[in-house]
Amino acid sequence: MASTFALVDCDNFYVSCERLFDPSLREAPVAILSNNDGCIIARSAEVKALGVPTGGPYFKYERLLARHGTRVFSSNYALYGDMSQRVMQVLRQAAPEVEVYSIDEAFLHLADTRAPVDQARQIRRTVRRWTGIPTSIGLGPTKTLAKIATRFAKRHPEVEGVFDLTHRRDVDALLGLVHVGDVWGIGPQYTKRLLARGIETARQLRDARDAWVKKHLTIVGLRTVYELRGVSCLPLDQVRPAKKGITCSRSFGEPVVVLAGLKEAVAAYVTRVAEKLRAQTSIAATLCVFITTKPFGKGPHYHNSYTVTLPEPSAYTPALIRYAHRCLEKIYRPGYRYKKAGVILTGIQPAATHQGHLFVQADHPGNRALMEAVDAVNKRWGRGTVFFAAAGTQQPWPMRQQQHSKRYTTRWDEVPEVRA
DNA sequence: TCTGGGGTCCTAGGACCC
DNA sequence: TCTGGGGTCCTAGGACCC
């Protein structure tokens, strides 16, 4: 028997997290900014109604938002990550099979296949009661249709947060109303191609010719089309696979010109990716560094990257910093105003199974013990308590984060206070 | 003049997602 | 003045091998 997918999607997740800990926000328009306070990445319903798009640059909308009394926050991932875990924990108790798809979404297979809507309502109530986070839930025979159902649930308050798209007749009618660019898996480029072909709705996409879709949208697009037809091609992935690449990159608050500044930034990013690498008990075989002046601003642009294969896969921060600095020296050109740099680790493999190289001692036991000690201290006392001198103490490239809320749930000194 | 063909591996680039 | 960051997968093309 074909099973039903449920997609649980938190409503305005970052905004909901902020509102949870500051009740004065509940009636106010709220917007959350990206790193560097550059873009608007989450909006309350009021802000959406103002026509402010996701990803819109903050400086463009700053005045409009202020005029409507919008409360604006820098993103607080410590808080959102922690709240996300709480929501997912509730879902795991409520359903036998759960795929955590993103920080604010999960696909489920429901235990009781007879009354999925009742069950979805129950899950929604429980998440709300135990975590305070509001959600919407869409049901469908495929993930792609469940996505569309969720969108509908969010846009039509009369369905009270749950919409069921498991019945054929409903699907047929609804797909005719969904713009093709709003289908999961159809981005701006594919939308352009489809519109040029006269395909404007999800229903037209569903009925498109397989051969044409495969040719112009690849096998990925064809899977989407099958999913729209009710043929499930994207299974529920319950176990999160180990990461294949780990990246840390940042735009600089102020452009960086000198090599020494870039070196400090890159060392800090290496520190971060190496932490993530060790947290999943892996080692990396390849390291890539990139620097760029793009994409905005006047003047000559320069973008370059350099990739090294390590003599032996490693998760040892000082060694990785050394190689990253060598990469940087290869690509650095003086005279440019660099806006962003990043570090990417690939060739990731489990630390346990690695067969050590006889003559390369990058990861001898002393190094591993040192990393374990550093990670333990930073876990206990907060990230960055112990760090490598190469990452600098001045940080000439600070992120702008001017409107940070407190880390209510993860820092003892920032827990909410209750006054009698 | 006429000079194979198929398989594998790797990488860069492009598309998508939240 | 001011435009995020971290991922995934697929394809095409080149290198290399037999």
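Draft legend 1. Examining the layout of surface pockets more closely. Of the volumes computed, that of the second largest pocket is approximately 1,100 Å³. Lining the second largest pocket are 33 residues, and of these Asp9, Asn12, Arg43, Lys48 and Lys154 lie nearest its centre. Secondary-structure elements contributing two or more residues to the lining of the second largest pocket are β1 (5–10), α1 (13–21), β3 (40–43), α2 (45–49) and α6 (143–155). By residue number, the principal contributor to the lining of the second largest pocket is α6, which donates seven residues. Residues lining the lining of the second largest pocket come from more than one domain, with at least three contributed by each of domain 1 (4–10 + 80–228) and domain 2 (13–79).

Draft legend 2. Examining helix α3 (residues 58–67) more closely. Of the residues making up α3, those classed as buried are Tyr58, Tyr61 and Leu65. All buried residues of α3 lie within an arc of 80° about the axis, which places them on one face of the element. Away from its buried face, by an angle of more than 90 degrees, α3 presents the exposed residues Phe59, Lys60, Arg63, Ala66 and Arg67. In this structure, the buried side of α3 is in contact with β2 (30–33), β3, α2 and β4 (71–74).

Draft legend 3. Quick look at empty space enclosed by the protein. Following the criterion strictly, the structure yields one cavity of 30 Å³ or more and no others. A volume near 30 Å³ is recorded for the largest cavity. Those elements that provide at least two residues to the lining of the largest cavity are α11 (259–279) and α13 (365–381). Classifying every residue of the lining of the largest cavity gives four nonpolar, three polar and three charged.

Parameters at a glance
Residues numbered from 1 in each chain as written. Chains lettered and ligands numbered in written order. Predicted model: local features only at pLDDT ≥ 70, side-chain atom pairs only at ≥ 80, totals over all residues. Heavy atoms only, no water. 1 Å grid on protein atoms, 1.4 Å probe; cavity = no way out; pocket = protein on both sides within 12 Å on 5 of 7 lines; lining within 4 Å. Points joined across faces, edges and corners; volume = space filled by probe spheres on them. Helix = DSSP H or I, 4+ residues; strand = E, 2+ residues; numbered from the N terminus. Domains from an automatic or database assignment. Buried < 20%, exposed > 50% of the residue type's maximum accessible area, 1.4 Å probe, protein only. Arc of directions from axis to C-beta. Contact = heavy atoms within 4.5 Å. Nonpolar A, V, L, I, M, F, W, Y, C, P; charged D, E, K, R; others polar.

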